[in-house]
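Structural characterization, general
So you can see what is in the structure, the chains are spelled out below.
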Amino acid sequence: MKESNLTKKPKRSEMSDEERVRDFQRKLYLKAKQEKAIRFYVLYDKIYLKHFLRESYKRVKANGGSSGVDGITFEKIEADGVEKFIEEIKNEIETFSYKPQAVKRVMIPKANGNQRPLGIPTIKDRVVQMSCKMVIEPIFEADFEDSSYGFRPKRSASDAMKSIKENLQEGRTEVYDADLQSYFDTIPHDKLLITIAKRISDKNVIHLIKLWLKVPIEENGKMSGGKKNKVGIPQGGVISPLLSNIYLHLLDRIINKVGSLYTKLDIKIVRYADDFVLLGVKIPIEAIKELQKILAKMELKLNEEKSRLLSAKAEKFDFLGFSIRYEKDIHGRDKKYWNISPSQKSQKQIRIKIKEYLGKNGHQPAERIVTELNAKIRGWINYFTIEKVSYPAMAKRKLRWYLMDKLNRYYNRKSQRRSKLYSRRAFDGLTTKYGLVDPTKYKPLRLVKA
């Protein structure tokens, strides 16, 4: 019997760039999964394959972002020709003449008034990093623990919160809420590279990663870091989250190892990038001291001021923007449940975004205001809505009240221009006529049943 055309694997020439990349990744993942001790020697030549670079450019562009220190934008690249851009990168990598440019550092405001440094590589460097990431990520994905959720394919903050709730429901209600001190800035290069080399023996790939670790930082016209730098990964690089996961995998592996202090005490870890919690029926001080020793060997340190041991039944804790509380169920006498909802900080952040947007867009048509507000509202609700896990109803009602107040004030300010929405309830007008999302009625598509 002939194989059906529906199930027959397409020829390589018929496959899209994305399909060819995923086919390679699948094979590499299976090889790494089956042979835990194998080291991969020939990977560099995959990084400059045209279909890898084209797919890499597509993903980098989809992620958006501004230009780096060279000032080259996506618009300029496409005006000059993407194929020409890809060809130039291919030649540089293939001839070993590729050298990354400095990373532009900008400061991003945080909700608490502080600032977070963000590194912006050039688009060319982001494309090369993405291509390298696509090649090596499947190898490390085969090794990563199930307790790790951040910046991994097919894993998300929702999965991390599900795991936390499951652990709490199983009785692991003592929690060590850990905070690493300046994690990205303190990762030791030598130990990170040793960890990578346990799986990758291609010296050219290792050299590429070294170049990105040693790249100088440009801030306000001044250069810092460079070849003498021995610690830290620039936040904002495409490959940085993967490298950070590779290094913290050492912690996951030690805690989850059969026979470790943590498995003997039935203590679980849930980690999302550099944020993690330990959960147990009881977490003795010796477990925290052991954690400090492990991190010290990795040349990392806990932020003692922010890290704390608590009973989740007695006090709330925040993780990934959620607040976790043990509260009375209003529908059941003397019954309690785990209330997971957007934290006060997260609710403040969405209000700030809306306020800043309306403040900067005083003369825009209602259609545009609605389109751009909807993107912010949907994104926020999508993140905080986890079926059978989180309960954002109250936060959605508060967001609705805030929108009603801000939009009425916004159109009152526009009254001199005789806005059609002045002197009536702007929120109601925008929802009924222009399709503004009502937070209390919006349900993420993944939760809508056909």
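In this report, the structure presented in the accompanying data block is examined. Keep in mind it's a predicted model, so treat the numbers as computed, not measured.

Thoughts on the overall build of the chain
A tally of helices and strands in the chain yields 17 helices and eleven strands. Computed over C-alpha atoms, the radius of gyration of the chain comes to 25 Å, within 12% of the 22 Å expected from 2.2 N^0.38 for 450 residues, which places it in the range of a compact globule. Principal-axis analysis of the C-alpha atoms gives the chain an extent of 70 × 70 × 60 Å. Here the chain holds 450 residues, and 47% of them are scored as buried. Taking all contacts inside the chain whose residues are at least 6 apart in sequence as the whole, residues at least 24 apart take part in 70%.

Topic: the packing of helix α6 (residues 123-141) against helix α10 (residues 203-213)
Working note: a packed helix pair is described by the angle between its axes plus the distance between those axes. For the pair α6 and α10, the least separation of the axes is 12 Å and the interaxial angle reads 135 degrees. Here α6 is positioned oblique relative to α10, judged by the angle of their axes. Both α6 and α10 take part in a crossing whose hand is left-handed. Each of V128, Q129, C132 and I136 in α6 lies in contact with α10, whose residues at this interface are V205, I209 and W212. Classifying every residue of the contact of α6 with α10 by side-chain character gives six nonpolar, one polar and no charged.

Thoughts on the pairing of strand β5 (residues 222-225)
In the sheet, strand β4 (residues 216-219) pairs with β5 via four bridges, with the strands oriented antiparallel. Across the sheet, E219 pairs through a bridge with K222, a residue of β5. Here β4 folds back onto β5 in antiparallel fashion, the turn holding two residues, of which N220 has a positive phi close to 55 degrees.

A few points about the packing of aromatic side chains
All chains considered together, the criterion is met by 14 aromatic pairs. Measuring from ring centre to ring centre gives 6.0 Å for Y44 and Y48, while their planes differ by 70 degrees; the resulting arrangement is edge-to-face. A single burial state applies to Y44 and to Y48, both of which are buried. Seen from their ring centres, Y410 and Y411 are 4.8 Å apart, and the 90 degrees between their planes marks the pair as edge-to-face.

Notes on the pattern of salt bridges
By the definition in use, this model includes 32 salt bridges. For the salt bridge of R54 with D17, the shortest nitrogen-to-oxygen distance reads 2.8 Å. With R54 in helix α3 (residues 50-63) and D17 in helix α1 (residues 17-34), this pair connects stretches of sequence that are 37 residues apart. You can call D17 partly exposed: its relative accessible area is 21%. E372 is paired through a salt bridge with R368; the nearest N and O atoms lie 3.1 Å apart. Of this pair, E372 and R368 both sit in helix α15 (residues 366-384), separated by four residues, roughly a single helical turn. Relative accessible area serves as the criterion here: at 27%, E372 is assigned to the partly exposed category. Each member of the salt-bridge network shares a partner with another, and the members are E18, R22, E55, K58 and R59.

Quick word on the packing of helix α9 (residues 189-197) against α10
Axis separation between α9 and α10 bottoms out at 11 Å; the angle between their running directions is 155 degrees. When the axes of α9 and α10 are compared, the pair comes out roughly antiparallel. Crossing of α9 over α10 shows right-handed handedness. Along the contact surface, α9 presents H189, L192, L193 and I196, while α10 presents I206, I209, K210 and L213. For the contact of α9 with α10, a count of residues per class yields six nonpolar, one polar and one charged.

Structural notes on the nonpolar core
In this structure, I136, I196, L251 and L291 are the most contacted members of the largest nonpolar core, which totals 74 residues. Discounting residues that sit within four places of it in the chain, I136 has contacts with L43, I200, V205, I209, I239 and L242. V270, L310, L403 and L430 belong to the second-largest nonpolar core, a separate cluster that totals 49 residues.

Section: the sheet that holds strand β2 (residues 115-120)
Reading across from one edge, β2-β1-β4-β5 is the order of the four strands in this open sheet, with mixed pairing throughout. Of all strands in the sheet, those with a lone pairing partner are β2 and β5, marking the two edges. When the angles between neighbouring strand axes are averaged without regard to direction, this sheet yields 40 degrees. The pairing of strand β1 (residues 103-109) with β2 spans six bridges and is classified as antiparallel. Bridged to K104 within β2 is I120.

Scoring rules and cut-offs
Residues numbered from 1 in each chain as written. Predicted model: local features only at pLDDT ≥ 70, side-chain atom pairs only at ≥ 80, totals over all residues. Heavy atoms only, no water. Helix = DSSP H or I, 4+ residues; strand = E, 2+ residues; numbered from the N terminus. Rg over C-alpha atoms; globule rule 2.2 N^0.38 Å. Buried < 20%, exposed > 50% of the residue type's maximum accessible area, 1.4 Å probe, protein only. Contact = heavy atoms within 4.5 Å. Axes fitted to C-alpha atoms, helices over the stretch in contact; angles between N-to-C directions. Parallel < 35°, antiparallel > 145°, perpendicular 65-115°, else oblique. Left-handed = near helix turned anticlockwise from the far one by under 90°. Nonpolar A, V, L, I, M, F, W, Y, C, P; charged D, E, K, R; others polar. Pairing = 2+ DSSP bridges. Phe/Tyr/Trp six-rings, centres within 6.5 Å; stacked < 30°, edge-to-face > 60°. Salt bridge = Lys/Arg side-chain N within 4 Å of Asp/Glu carboxyl O. Core = buried A, V, L, I, M, F, W, Y, C linked by side-chain atoms within 4.5 Å.

These figures come from the coordinates and say nothing about function on their own.
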